[in-house]
Amino acid sequence: MDESLEQERASAPPFGGGFGGALREARAWAAPRASALSCAGLLAVMTLNMLATVARKSITNDETVLIPAAYYHLAAGDFQHVSEHPPLCKLLAGVPLLFVQPNEAPADLAPDTLAPTEVTWAYQEKFWDDNKDIYGRLNFWPRLPMILLTVALGVVVFLFARELFGERAAVFAVFLFSVEPTVLAHGRVVQTDIPAAFGYLLTFYALRRHRRGATWKRAAWVGAAAGVALLGKYSMLLLGPVLAAYFVALFVRATRRGLTRRAAAGQTGLALAALVVVVNAAYFFQSRPFKPGDVTWARVAFEPHGDLVLSAERALSYVLPTDFVLGVFWQMWHGRVGHPAGFLGMYSDTGWWYYFPVAFALKTTLPFLLLSLAALGWASWRYARTRDGRFLFVLVPFALYTAFVMLSTINIGVRYYLPAYPFLFVACGALLDWLLGRGRRKLATACVAAVLALSAFEAARAFPDHMTYVNQLASARPHWWYLSDSNVEWGDDLWELAEFLRERGETRVSIAALGNARSLWYEGISAASLLALKAGEKPETRYAVVGASFLNGSVIPRMKGLSEEERVNFFDSYRRREPEAVIGGLYVYREDGR
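Report on the accompanying structure. (Residues numbered from 1 in each chain as written. Predicted model: local features only at pLDDT ≥ 70, side-chain atom pairs only at ≥ 80, totals over all residues. Heavy atoms only, no water.)

What to know about the overall build of the protein
Right, on to step 1. Counting its secondary structure elements, the protein contains 28 helices and seven strands.
Right, on to step 2. Its C-alpha atoms give the protein a radius of gyration of 26 Å, near enough to 25 Å, the size a compact globule of 594 residues would have.
Right, on to step 3. For the C-alpha atoms alone, the extent of the protein along its principal axes is close to 95 × 55 × 55 Å.
Right, on to step 4. Classification of the 594 residues of the protein by burial places 54% in the buried group.
Right, on to step 5. Residue pairs at least 24 apart in sequence account for 74% of intrachain contacts in the protein once pairs closer than 6 positions are excluded.
Right, on to step 6. Approximately 26100 Å² of the protein is accessible, and the part contributed by carbon and sulfur atoms is 61%.
Right, on to step 7. Between the averaged position of the 58 positive side-chain charges in the protein and that of its 50 negative side-chain charges there is a distance of 11 Å. (Helix = DSSP H or I, 4+ residues; strand = E, 2+ residues; numbered from the N terminus. Rg over C-alpha atoms; globule rule 2.2 N^0.38 Å. Buried < 20%, exposed > 50% of the residue type's maximum accessible area, 1.4 Å probe, protein only. Contact = heavy atoms within 4.5 Å. Areas by Shrake-Rupley, 256 points an atom, 1.4 Å probe, with all protein chains shown as cover. Lys, Arg positive; Asp, Glu negative; His and termini not counted. Charge placed at Lys NZ, Arg CZ, Asp CG, Glu CD.)

Set out below in structure tokens:
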């Protein structure tokens with residue numbers, strides 16, 4: 001009887017017979033994987049969104065130097081280009097450039113006496129001039145790996161949320177991730193912000209898994225994840241105290257975790273070793289000697305303690321790559337001197353403690369903003385009531401990074417706050433899932449659907465200008481008044497400006513904006529600088545273009561004979577005029593009589 005049954009099954013058509021059988025098989029396969037498939041679908045749509053944006057947007061201000069640095073990092077093993085940023089974004093962006101094969105600048109273009117930042121500018125100018133024929137490819141291909149990294153971040157959001165709060169919460173978290181304008185804007189850019197968010201979340205995901213089972217393998221993964229975070233952005237040094245506190249607690253409570261203290265110490269050492277190996281691997285296990293320019297910079301930047309700093313740099317370079325160490329100290333110097341910024345009509349080089357909470361409130365969609373506030377309150381209430389440790393893995397990383405970034409003197413973009421975003425997505429996903437599990441299911445379903453639909457609508461409405469998106473709270477004044485720099489303009493609107501001018505028969509423009517002017521030159525538009533005009537002098541072109549950051553005034557360079565008030569109000573006459581068009585972060589003015 002068994003043999004006849006087996007024969008009957010063998011002779012049966014595939015999938016149980018016909019299209020209906022195939023459909024049943026497909027449903028049976030998909031049902032247990034519904035959440036993962038939903039996540040994949042959301043991230044696929046997000047990818048298409050970013051690819052469509054890349055096709056329309058020129059490179060940003062920072063990509064002007066980071067894309068050449070990415071190529072030289074991989075092709076020449078020259079790590080000093082943009083050493084003020086760690087190499088994860090350069091490693092990724094450089095891979096497709098190995099196949100594009102751009103022309104290289106000569107190795108001896110910059111003398112050893114130059115500081116690292118001066119070396120960068122010498123090479124990047126030559127790089128773009130020598131590769132104008134493939135400018136479009138250099139705009140597209142380096143960004144593709146960054147989009148893939150953003151998708152990988154979405155996958156970790158899904159895994160982290162699913163492990164903490166379940167399948168449905170994970171899908172909600174990924175949905176919110178995939179439609180957030182700031183994520184969409186910076187997920188396609190060669191920069192350090194998404195890599196930092198990826199590394200920060202990955203480290204806490206690894207810590208969560210190690211806490212559930214303190215194995216040697218998981219300890220190694222904690223160290224490797226922290227190494228990836230450090231390669232993403234130097235601000236991830238914040239993880240040092242976190243890991244120290246975690247492994248000290250592991251050592252003290254080893255017996256409760258089923259470990260000997262010797263094993264706990266060994267796992268701590270393994271995690272540290274994995275971190276050091278990962279960081280060194282990104283520099284191909286090379287650590288170059290200090291050059292005269294490096295020595296001079298350290299002594300001048302940290303005067304009167306320059307020699308002490310230089311000694312510290314040399315000592316650290318025995319364990320970590322020289323350019324990594326120099327980058328860390330460059331960021332320390334940058335944080336000490338600050339950076340010009342504009343905020344709510346104010347100006348400062350050292351920022352405001354409340355900058356990032358306000359910038360977040362203005363730059364995210366209102367549905368997500370309100371949901372985030374509700375989720376943080378709900379998660380805090382749930383933890384206070386139940387002592388459920390899952391909520392700590394959301395609240396603590398978020399609070400820690402928020403407190404850290406509020407101490408920052410560099411207030412030039414909400415992008416610096418991106419490492420905190422994933423924990424908000426997870427908390428919001430958990431809250432939406434919890435609401436659907438309560439009474440009054442129809443009302444809860446309607447509320448959840450409304451939040452998701454409005455968030456998606458805002459993202460669609462902002463396309464392709466996610467970089468310059470601000471919500472309805474910033475509607476009383478022009479956007480440049482509220483925020484500056486990469487919040488409202490970052491140089492990636494120049495291609496669209498070139499198209500605007502060509503449609504009107506223009507081949508010349510007067511401009512003051514962030515970005516690589518070659519994005520205009522290679523599109524047949526010659527550009528004259530508005531900053532070169534004297535007071536009261538009018539441009540000779542039919543159109544004048546002022547970027548939002550220049551209207552704000554914070555990015556205007558300090559010039560001899562120009563007071564601080566005159567500097568920030570350099571384009572005050574344009575502020576009082578109505579632009580003919582606004583292209584992303586560019587304000588286009590028609591000059592009368594031209």
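Having put the structure on the table, let's press on.
Observations concerning the packing of helix 3 (residues 34-54) against helix 9 (residues 167-179)
Right, on to step 1. Running from amino to carboxyl end, helix 3 crosses helix 9 at an angle of 0°, the nearest separation of the two axes being 9 Å. Taken as axis vectors, helix 3 and helix 9 run roughly parallel relative to one another. For the pair helix 3 and helix 9, the contacting residues are Ser35, Ser38, Cys39, Leu42, Leu43 and Met46 in the first and Glu167, Val171, Val174, Phe175, Phe177 and Ser178 in the second.
Right, on to step 2. Partitioning the contact of helix 3 with helix 9 into residue classes produces eight nonpolar, three polar and one charged. (Axes fitted to C-alpha atoms, helices over the stretch in contact; angles between N-to-C directions. Parallel < 35°, antiparallel > 145°, perpendicular 65-115°, else oblique. Nonpolar A, V, L, I, M, F, W, Y, C, P; charged D, E, K, R; others polar.)

A closer look at the nonpolar core
Right, on to step 1. Counting residues in each nonpolar core, the largest one holds 175 residues, and the members touching the most others are Val157, Tyr417, Phe425 and Phe571.
Right, on to step 2. Among the elements that line this core, the one with the most residues is helix 8 (residues 143-165), at twelve residues.
Right, on to step 3. If we skip the residues at most four places from it in the chain, Phe425 touches Val157, Ala173, Leu176, Phe177, Glu180, Val183 and Phe368.
Right, on to step 4. In this structure, Leu494, Leu501, Ile511 and Ile525 belong to the second largest nonpolar core, which totals 15 residues. (Core = buried A, V, L, I, M, F, W, Y, C linked by side-chain atoms within 4.5 Å.)

Considering the pattern of salt bridges
Right, on to step 1. On inspection of all chains with the given rule, the structure shows 31 salt bridges.
Right, on to step 2. One salt bridge in this structure joins Glu125 and Arg518, with 2.6 Å as the shortest N-O distance. Of this pair, Glu125 sits in helix 6 (residues 116-129) while Arg518 sits in helix 25 (residues 518-521); the two residues are 393 residues apart in sequence, bridging distant segments of the chain.
Right, on to step 3. The exposure class of Arg518 is buried, given its relative accessible area of 7%. (Salt bridge = Lys/Arg side-chain N within 4 Å of Asp/Glu carboxyl O.)

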